[in-house]
Amino acid sequence: MPPMRLYLDTAKTDEWDRLMPSGLFYGVTTNPLLAARAGLVYSEIDWNDWAVRLHDLGGHELHGQITGTADHALEFAQTLYEIGAKVGIDTVVKIPLTADGIYLAPKIKALGGKILMTACYSAHQMIIAQSLCADYIAPYVGRMDEAGADIHAELRTIHSLSHSGPCRPLLASLRSVSQMTQMAALGHDCFTIAPAIADQLMHDPLTEQAAQEFEAAAKTGD
């Protein structure tokens, strides 16, 4: 079985600097909404600078999302792949699971890099991603739940369908460590999480208390 794989879901590079050295994260995922939340203009991002920064932090993959016309998307994808090859990390192009995105996916895949089909809200979209030989699909778990979907049923089906092709579900839009753990219990092993969820994942009050007790005991008699 492949190892559990975690990504940071943020465009805030200071969070990369803080959390990537933990060794927990395989890479970083981004999109225009995350860029806006970080106070960035998506079209002005220096992807080469980002790739170098992530590589130096030990990251293996940087995910960027297409926008605009088909021509613009293809140009963006080509540039992102070239940057990844030059820097020495895998760059992954995120493509929304719209009709336009579906038609565009084979053209981007033909450029030779990895693709991720994003904004998945239904298990049937896994069939599309597998048929396109996508490398990843990103089910929006939290948003699905908030929209009233039975996320356990949907994600159980997605996991089952993941065995029929090369596409690996990369679960996104997770709202809590508890929700993440529930999805892992269904068999999912690839997650992208916000820095706040990452902090929750790494801390447990009882573990912290036990560690303090160990330290206190070690100092007895000093």
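Everything here concerns the structure above.
Residues numbered from 1 in each chain as written. Predicted model: local features only at pLDDT ≥ 70, side-chain atom pairs only at ≥ 80, totals over all residues. Heavy atoms only, no water.

Participant: I would appreciate a short explanation of the overall build of the protein in the present structure.
Facilitator: Each helix and strand counted, the protein has 11 helices and 8 strands in total. Computed over the C-alpha atoms, the radius of gyration of the protein is 19 Å, within 12% of the 17 Å expected from 2.2 N^0.38 for a compact globule of 222 residues. Summarising its shape, the C-alpha atoms of the protein cover approximately 70 × 40 × 35 Å along the three principal directions. Going through the 222 residues of the protein one by one, you find that 45% of them count as buried. (Helix = DSSP H or I, 4+ residues; strand = E, 2+ residues; numbered from the N terminus. Rg over C-alpha atoms; globule rule 2.2 N^0.38 Å. Buried < 20%, exposed > 50% of the residue type's maximum accessible area, 1.4 Å probe, protein only.)

Participant: What should I look at first to understand the nonpolar core in this one?
Facilitator: In a soluble, globular protein the nonpolar side chains are often hidden away together inside. Judged by nonpolar contacts, the single largest core of 57 residues is most densely connected at Trp47, Leu62, Ile108, Met117, Leu155 and Met183. Counting residues per element, this core draws most heavily on helix H4 (residues 70-87), which supplies 7 residues. When sequence neighbours within four positions are dropped, the list of residues in contact with Met183 reads Val141, Ile151, His152, Leu155, Leu171, Leu174, His188 and Phe191. (Core = buried A, V, L, I, M, F, W, Y, C linked by side-chain atoms within 4.5 Å. Contact = heavy atoms within 4.5 Å.)

Participant: What is the right way to read the packing of helix H8 (residues 151-161) against helix H9 (residues 177-185) from this model?
Facilitator: A pair of packed helices is captured by two measures, namely the crossing angle of their axes and the spacing between those axes. The interhelical angle for the contact between H8 and H9, taken along N-to-C directions, is 45 degrees, at an axis separation of 10 Å. Comparing the axis directions of H8 and H9 gives the class oblique. Here H8 runs over H9; the crossing is right-handed. Contacts between H8 and H9 involve Ile151, His152 and Leu155 from the former and Gln179, Gln182 and Met183 from the latter. (Axes fitted to C-alpha atoms, helices over the stretch in contact; angles between N-to-C directions. Parallel < 35°, antiparallel > 145°, perpendicular 65-115°, else oblique. Left-handed = near helix turned anticlockwise from the far one by under 90°.)

Read these as spatial facts, not as claims about activity.
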